[in-house]
Amino acid sequence: MEHEHSYIANRTKDDYLKRLRRIEGQARGLQRMVEEEKYCIDILTQVSAMTKALQSVALGLLDEHMAHCVVEAVREGGEEAEIKLKEASDAIARLVRS
């Protein structure tokens, strides 16, 4: 059985890609700021903004995963449910640590 990723199925893939492209632009801007030796606090402010943007993407993906992949696996039960719950728990733990 082929697995369909929920963010593609829900047509949010383009939204995630747009957000990631903006983040990529922020990263290039940060590189430029460092190259130009901009004020450290200004650089840190931009790092914080970029971090928040990445966290937003991560939380959106986690929400999609929980709402679709985990819910479906739990409905079906068995080992797959345990695996999906563990994956979600591990992902949350990684996000909290970061």
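Residues numbered from 1 in each chain as written. Predicted model: local features only at pLDDT ≥ 70, side-chain atom pairs only at ≥ 80, totals over all residues. Heavy atoms only, no water.

K.L.:
If you had to explain a nonpolar patch on the surface to someone new, which residues and values would you point to?
P.N.:
A cluster of nonpolar residues, L17, L20 and L54, forms a patch on the protein surface that exposes about 220 Å² of accessible area. If you trace the backbone, L20 turns up in helix 2 (residues 13–35). (Patch = residues over 30% accessible without salt bridge, like charges linked within 9 Å, V, L, I, M, F, W, Y side chains within 5 Å. Areas by Shrake-Rupley, 256 points an atom, 1.4 Å probe, with all protein chains shown as cover. Salt bridge = Lys/Arg side-chain N within 4 Å of Asp/Glu carboxyl O. Helix = DSSP H or I, 4+ residues; strand = E, 2+ residues; numbered from the N terminus.)

K.L.:
Give me the packing of helix 2 against helix 3 (residues 40–76): which residues, what numbers.
P.N.:
With their axes 10 Å apart at the nearest point, helix 2 and helix 3 run at an angle of 160 degrees to one another. Overall, the two elements helix 2 and helix 3 adopt an arrangement that is roughly antiparallel. Seen along the crossing, helix 2 lies across helix 3 with a hand that is left-handed. Split into classes, the residues belonging to the contact of helix 2 with helix 3 amount to 15 nonpolar, four polar and three charged. (Axes fitted to C-alpha atoms, helices over the stretch in contact; angles between N-to-C directions. Parallel < 35°, antiparallel > 145°, perpendicular 65-115°, else oblique. Left-handed = near helix turned anticlockwise from the far one by under 90°. Nonpolar A, V, L, I, M, F, W, Y, C, P; charged D, E, K, R; others polar.)

K.L.:
Before we move on, could you go through the pattern of salt bridges and cite the residues and values that matter?
P.N.:
Scanning the model with the defined rule gives six salt bridges in all. A salt bridge links R28 to E24; the shortest N-O distance between them is 3.7 Å. Residue R28 and its partner E24 are located together in helix 2, separated by four residues, close to a single helical turn. Each of E80, K84 and E87 takes part in a single network of salt bridges with overlapping partners.

K.L.:
Please give an account of unusual backbone geometry that cites residues and values.
P.N.:
A negative phi angle is the norm for most residues apart from glycine, just as the trans form is the norm for most peptide bonds. Positive phi is not limited to glycine here, since E37 has a value of about 55 degrees. With respect to the helices and strands, the residue E37 is situated in the loop between helix 2 and helix 3.

K.L.:
If you had to explain the confidence of the model for the protein chain to someone new, which residues and values would you point to?
P.N.:
Looking at the protein chain, pLDDT values average 89 and 90% of them are 70 or higher. Here helix 1 (residues 6–9) stands out as the least confident element of the protein chain, with mean pLDDT 59; helix 2 is the most confident, with 96. (pLDDT = per-residue confidence, 0-100.)

K.L.:
Which residues make up helix 4 (residues 78–97), and what values go with them?
P.N.:
For helix 4, spanning 20 residues, the distance from its first C-alpha to its last is 29 Å, which sits close to the expected 28 Å at 1.5 Å a residue. Among all positions of helix 4, only A81, K84, A88 and A91 are buried. The buried residues of helix 4 occupy an angular sector of 95 degrees when projected down its axis, which confines them to one face. Turned more than 90 degrees away from the buried face of helix 4, the exposed residues are E79, E82, V96 and R97. Those residues of helix 4 that are buried lie in contact with helix 3. (Expected span 1.5 Å × (residues − 1). Buried < 20%, exposed > 50% of the residue type's maximum accessible area, 1.4 Å probe, protein only. Arc of directions from axis to C-beta. Contact = heavy atoms within 4.5 Å.)

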